[in-house]
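Remarks on the overall topology
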Amino acid sequence: MNTTPWRAPLLWRTAQLLARGVVGLVARLEVTGDVPAELRHGPLILAANHISPFDPLVLAAACRARGVAPRIMATGGLFRAPVIGSLMRRAGHIRVDRGTSSVHQSLDIAAGAVAGGSVVLLYPEGRIGLDPGMWPERGKTGAARLAFASGAPVIPVAQWGSHEVLPYRAPKGLLGGVARALVRRPVIRVHFGTPVVLSHLNPGTPGAARRATDRIIDAITDNLAPLRPDEPYWPRHVDPGRPADPARRHHRRPAGG
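Residues numbered from 1 in each chain as written. Predicted model: local features only at pLDDT ≥ 70, side-chain atom pairs only at ≥ 80, totals over all residues. Heavy atoms only, no water.

1. Some thoughts on the packing of aromatic side chains
Threshold: Planes of paired rings set the category: under 30 degrees apart is stacked, over 60 is edge-to-face and the rest tilted, where pairs are Phe, Tyr or Trp rings (Trp by its six-membered ring) whose centres lie within 6.5 Å. Only when the NZ of Lys or the CZ of Arg is both within 6 Å of the ring centre and within 35 degrees of the ring normal is a charge said to sit over the ring.
Under the definition given, this model contains zero aromatic pairs. Its end group placed over the ring of Trp 135, Arg 228 keeps NZ or CZ at 4.0 Å from the ring centre.

2. Details of the pattern of salt bridges
Short version of the rule: By definition, a salt bridge exists where a carboxyl oxygen of Asp or Glu is found within 4 Å of a side-chain nitrogen of Lys or Arg. Numbering of helices and strands runs from the N terminus; a helix is a DSSP stretch of H or I covering at least four residues, while a strand is a stretch of E covering at least two. Note on classification: 1.4 Å probe, protein chains only; a residue is buried when its accessible area is under 20% of the maximum for its type, exposed when over 50%, partly exposed between these limits.
Applying the stated criterion across every chain yields a total of 11 salt bridges. Across the pair Arg 189 and Glu 30 runs a salt bridge whose closest N-O atoms are separated by 3.4 Å. On the criterion of sequence distance, the pair formed by Arg 189 in strand 7 (residues 187–192) and Glu 30 in strand 1 (residues 28–33) is long-range, its members being 159 residues apart. Looking at Glu 30, the relative accessible area reads 37%, which means it is partly exposed. The structure contains a network of salt bridges with shared partners spanning Arg 127, Glu 137, Asp 245 and Arg 248.

3. Quick look at the sheet that holds strand 6 (residues 154–160)
Applicable threshold: Pairing between two strands is assigned when DSSP locates at least 2 bridges connecting them. For helices, the fitted axis covers only the stretch in contact; all axes are lines through C-alpha atoms, and the angles between them, taken along N-to-C directions, range from 0 to 180 degrees.
Sheet architecture is open: seven strands sit in the order 1-7-6-2-5-3-4, paired in mixed fashion. Edge positions in the sheet fall to strand 1 and strand 4 (94–96), since each of these pairs with one other strand and no more. With direction set aside, neighbouring strand axes in the sheet form an average angle of 20 degrees. Pairing between strand 3 (residues 71–75) and strand 5 (residues 119–122): two bridges, direction parallel.

4. Observations concerning the side chain of Asp 239
Operational definition: Counted charges follow a simple rule, with Lys and Arg positive, Asp and Glu negative, and His plus the chain ends left uncounted. We define a polar contact as two N or O atoms separated by no more than 3.5 Å, with the added condition that, inside protein, one atom must be a possible hydrogen donor and the other a possible acceptor, whereas residues neighbouring each other in sequence contribute only through side-chain atom pairs. In what follows, residue pairs with any heavy atoms lying within 4.5 Å of each other are defined as contacts.
You can see Asp 239 is positioned in the segment after helix 8 (208–224). Buried charge without a partner: Asp 239 forms no salt bridge, and the closest opposite charge is Arg 242, 5.3 Å away. Here Tyr 168 takes part through its backbone nitrogen, which lies 2.7 Å from a polar atom of the side chain of Asp 239. Not counting chain neighbours up to four residues away, the residues in contact with Asp 239 comprise Pro 167 and Tyr 168.

5. With respect to helix 8
We count it as follows: Every helix has an expected span of 1.5 Å times one less than the residues it contains.
Here helix 8 spans 24 Å end to end across 17 residues, near enough to the 24 Å set by a 1.5 Å rise per residue. The element helix 8 is largely enclosed, with a buried count of 13 among its 17 residues.

6. So, the layout of surface pockets
How we decide: The rule is simple: put a 1 Å grid over the protein atoms alone, call a set of points where a 1.4 Å probe fits but cannot get out a cavity, call an open set with protein on both sides within 12 Å along at least five of seven lines a pocket, and count a residue as lining if it has an atom within 4 Å of a point. Grid points are joined across faces, edges and corners, and a volume is the space filled by probe spheres set on the points. Basically, the charged four are Asp, Glu, Lys and Arg, the nonpolar ten are Ala, Val, Leu, Ile, Met, Phe, Trp, Tyr, Cys and Pro, and anything else, Gly included, counts as polar.
Each pocket or cavity is described by its volume, and for the largest pocket that value is around 960 Å³. What lines the largest pocket is a set of 31 residues, among which Pro 56, Leu 57, Leu 78, Ile 84 and Met 88 lie closest to the centre. Where the lining of the largest pocket is concerned, the elements lending two or more residues are helix 1 (10–26), helix 2 (55–65), strand 3 and helix 4 (84–90). The biggest single contributor to the lining of the largest pocket is helix 1, with eight residues. Class assignment of the residues belonging to the lining of the largest pocket gives a composition of 24 nonpolar, five polar and two charged. Estimated volume of the second largest pocket: approximately 430 Å³. Around the second largest pocket, the lining is made up of 16 residues, and of these Val 96, Val 103, Gly 126, Lys 140 and Gly 142 lie nearest the centre. Those elements that provide at least two residues to the lining of the second largest pocket are helix 5 (103–115) and helix 6 (142–150). Partitioned by chemical class, the residues of the lining of the second largest pocket number eight nonpolar, five polar and three charged.

7. A short note on a nonpolar patch on the surface
Using the following cut-off: For patch detection, residues must exceed 30% relative accessible area and be free of salt bridges, and they are connected within 9 Å for like charges or within 5 Å for nonpolar side chains (Val, Leu, Ile, Met, Phe, Trp, Tyr). Computed with the Shrake-Rupley method and a 1.4 Å probe, the accessible areas treat only the protein chains shown as cover for residues.
Together, Leu 11, Val 83 and Leu 87 make up a nonpolar patch on the protein surface, roughly 240 Å² of accessible area in all. Mapped onto the elements, Leu 87 comes out in helix 4.

8. Details of empty space enclosed by the protein
The full count for this structure, using the stated rule, is one cavity of 30 Å³ or more. Within this model, the largest cavity holds a volume of roughly 30 Å³. As for the largest cavity, its lining consists of His 50, Ile 51, Glu 125, Gly 129, Met 134, Trp 135, Pro 136 and Arg 242. Looking at the lining of the largest cavity residue by residue, the classes come out as four nonpolar, two polar and two charged.

The structure is reproduced here in structure tokens:
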């Protein structure tokens, strides 16, 4: 078996640098928190909230600022695109076909990548969140199962502000959103939190994956709150094309619960 740690291709490291430039054109990026030096090259899982189609560029830029080149678990639609799909594969990212049986195969691939020394970035919500207040919604159990399978630490990544650049229905409204952002240059904040403690959970116990998922979402929520101090309930920027779905609202567990 090949035990050589995975190294991000030059293509991906260059793309991260370009992402930093693009984000800088339309917004002011503020990155806080850090990734411990011993974890920057893996094994590590980064779990981020998902609020906008602009998130991948923002997170690529923020990770670049912290010396991390993660392999991203991304929707299969990107991989099917003629040019982008080829670039995604060459950069080492992991395809996820949501709603199909191959999702489990994607988790196996991701677990192998993390076990092999990679950093994997995913969105535990499994979609752009539709919570009416734009807080993290109830997560899918993929991140927790990946953590259990690989034994890697999970760092919560909270982000806020990317929804002011691209609308939910992009590419519809893309030009207008970018034009407004070029003028206003909204602040986009990204914070890398401390690893989520999951060691007390037994993966073989019924419901362990759900409890671990809730703790990951709790951690993202806790790290997101300081990024939007003047928007504790509702976002200031309202996207009229963004639907609201309270059915998956996440209910924060009390400390020690």
